[in-house]
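Observations on chain architecture
For reference, the chains in residue letters:
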Amino acid sequence: MNAATKKVLANRSDWNIIAGWVQPGERVLDLGCGDGSLLKLLIEQRGARGYGVEIDAQGVLASIKNSINVVQADIDRGLAEFEDNAFEHVVLSRTLQTVKHTENTLREMLRVGREAVVSVPNFGYWKNRQAVLNGRMPVSEDLPYQWYDTPNVRFFTLADFEALCEQLGIVIRTREVLDAKGQPVHEEHNFLGSLGVYRIAKR
Amino acid sequence: MTIQTATQTSGVGLVEAQRAHFDEPLTLRSGQVMPAYDLVYETYGTLNADGSNAILVCHALSGHHHVAGHYVDQPKNIGWWDNIIGPGRPLDTDKFFIVGVNNLGGCHGSTGPASINPATGKPWGADFPVVTVIDWVHTQARLADRLGIKCWAAVIGGSLGGMQALRWSVTYPERVKHTIVIAAAPYLTAQNIAFNDVARQAILTDPEFYGGNYYEHNARPVRGLRLARMLGHITYLSDDQMGEKFGRGLRNDNLSFGFDVDFQIESYLHYQGDKFAGYFDANTYLLMTRALDYFDPSREENGDLTAVMRRASSDFLVVSFTTDWRFSPERSREIVSALLAAEKNVSYAEIDLAFGHDSFLLDDPYYHAVIDAYLKKVQA
């Protein structure tokens, strides 16, 4: 397995969890859908239907090539194109940390969807903490960027995310936490977990 | 600036215009009846046995049926959207059968204000009925019948052509599989109607207009038409692009301290205005701008565009351009929103091109890749 394939597979460790939460026929909105691969998986394997939102032109083109319905838009400007409760699930996979207007994004997701599915890298993961203790910004499986080329603009831990949900009146329905190898973490999730995958809803 | 296609090699090569005559009277949206009419059209590629591989290309305000290729006696007269049509191009003539039609009321061969009104034996002139987008769609449907096309694989158009495509999708839902709407809007804003009004006033107040019956006076409202085109042209370009190309550049080195052409932009606009006024019919310009003003399919559902779009059964691709301010991305997003609310399959690309509204005619690799990727999925 070459490095690129490894990276892709690692990046998809949350997809099986997300796929497990989607029932046949349900409507899914995938925010930051990239080339549409996750939606394609949900459509083909889970019988879902839906749309992707992508800001990047190459992602839009790739999604069209993938036969995915894709709407080019900037999530940070809200989801005005979409009606209230239009989707069973609104997915934001590994993207919340790249969004500037975090609170508005979460509110918008829960406006257009009955449930939001959010996966976030954990800056509190022990390897990341170790990197900072050693005086360097973390670079890890789920945070693969250098500080100078990262698209991430918000740096938070799973505990931070959960605190924000509490503050915004958002209920966490389910939480799955994975380590850097994509294996489930059952204890000390904010320390041992590299990626958190959440189902959240309005209280 | 205006996209010149004359230097490109033609994808489809030699083409010929054809003419279809329709005797069955057509009741227009206005209630008036066209007793009979001609449509000129061109086709590229081959219609397959079940007539399922046809794409209709709808033209914009000043367009026509000569969409691609060139004529045997006019090698430099290359179709207005030649860059996207041909073997291996996004509108692939190896796969699709492409149809371009000159709209009713046009001035390129289809029955229009300059045609002879059989009732009077004189040119229609001011008596030519006001035609609307839905009227064009009905005439195009009759042409499709004539050509043996039960259902279009796709209907595509930019600007006013995009509005026709949108109209097709809700007027004949069973006859459109894919609708591609480029640089269009669900209806015109007040500002947009205002631009059209100034253009029309320029024509209507030209002393050579003679109430629309200038043909019999051997006159043409060239000045008015020229002004109308100059105004329109400004709105088709982006401020940045105009600044980059012309800036404050002077035609000669010195200011004239008079009102002749000093700036390059003046020279350019005058040239464009003169060229257009030399061949286009002023009455057609009036009709086309009015069709734009009147376009608003949501009227049929008390302003609810979503309710209208629910009638459609096609899939959609909507495309806009970031620097287009005549039909801005916001207007395309209105269409997208309605399609999303109507739960239609839709993709939307907002393409970063510098050429304003005219970008839709541009031979840009990314733009064409988007159209190509979409049409690759379309079953012929």
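Please read these numbers as outputs of a predicted model, since none were measured by experiment.

For the rest of this paragraph, the subject is the interface of chain A and chain B. Facing the 20 residues of chain A at the interface are 21 residues of chain B. Summed over both partners, the interface of chain A with chain B buries about 1700 Å², with 53% contributed by carbon and sulfur atoms. Salt-bridge contacts for R49 of chain A lead to E343 of chain B; the nearest nitrogen and oxygen are separated by 3.2 Å. Counting across the chain A and chain B interface gives eleven residue pairs in polar contact (both at pLDDT 80 or more). Looking at the side of chain A that touches chain B, the elements with two or more residues in it are strand 2 (49–54), helix 4 (57–65) and strand 3 (70–72) of chain A. Considering every element that reaches the side of chain A that touches chain B, the biggest residue donor is helix 4 of chain A, with six residues. Across the side of chain A that touches chain B, the residue classes break down as ten nonpolar, four polar and six charged.

With that settled, the discussion passes to the packing of aromatic side chains. All names here are of chain B. Tallied over the entire structure, the rule returns 23 aromatic pairs over all chains. Their ring planes at 40° and their centres at 5.8 Å tell us that F209 and Y214 sit as a pair that is tilted. With a relative accessible area of 6%, F209 lands in the buried category. Overall, Y214 belongs to the buried group, its relative accessible area being 1%. Their ring planes at 40° and their centres at 4.8 Å tell us that F246 and Y268 sit as a pair that is tilted. Residue F246 is located in the loop between helix 5 (239–245) and helix 6 (264–279), and its partner Y268 is located in helix 6; the two are separated by 22 residues in the primary sequence. F246 gets classed as buried once you look at its relative accessible area, which sits at 10%. These aromatic residues form a ring-pair network of at least three members: F276, Y279, F280 and Y285.

Do not read the fine detail of predicted coordinates wherever pLDDT is low. Residue and element names in this part refer to chain B. For chain B, mean pLDDT is 95; residues scoring 70 or higher make up 97% of the total. pLDDT under 50 marks residues 1–7. Its contacts with residues more than four places away, or in other chains, come to 23 contacts. Among the prediction metrics, the complex's ipTM stands at 0.93, with pTM recorded as 0.94.

Thresholds, definitions, all that
Residues numbered from 1 in each chain as written. Chains lettered and ligands numbered in written order. Predicted model: local features only at pLDDT ≥ 70, side-chain atom pairs only at ≥ 80, totals over all residues. Heavy atoms only, no water. Contact = heavy atoms within 4.5 Å. Buried area = accessible area lost by both parts, 1.4 Å probe. Salt bridge = Lys/Arg side-chain N within 4 Å of Asp/Glu carboxyl O. Polar contact = N/O pair within 3.5 Å; in protein donor to acceptor, adjacent residues only side chain to side chain. Helix = DSSP H or I, 4+ residues; strand = E, 2+ residues; numbered from the N terminus. Nonpolar A, V, L, I, M, F, W, Y, C, P; charged D, E, K, R; others polar. Phe/Tyr/Trp six-rings, centres within 6.5 Å; stacked < 30°, edge-to-face > 60°. Buried < 20%, exposed > 50% of the residue type's maximum accessible area, 1.4 Å probe, protein only. pLDDT = per-residue confidence, 0-100.

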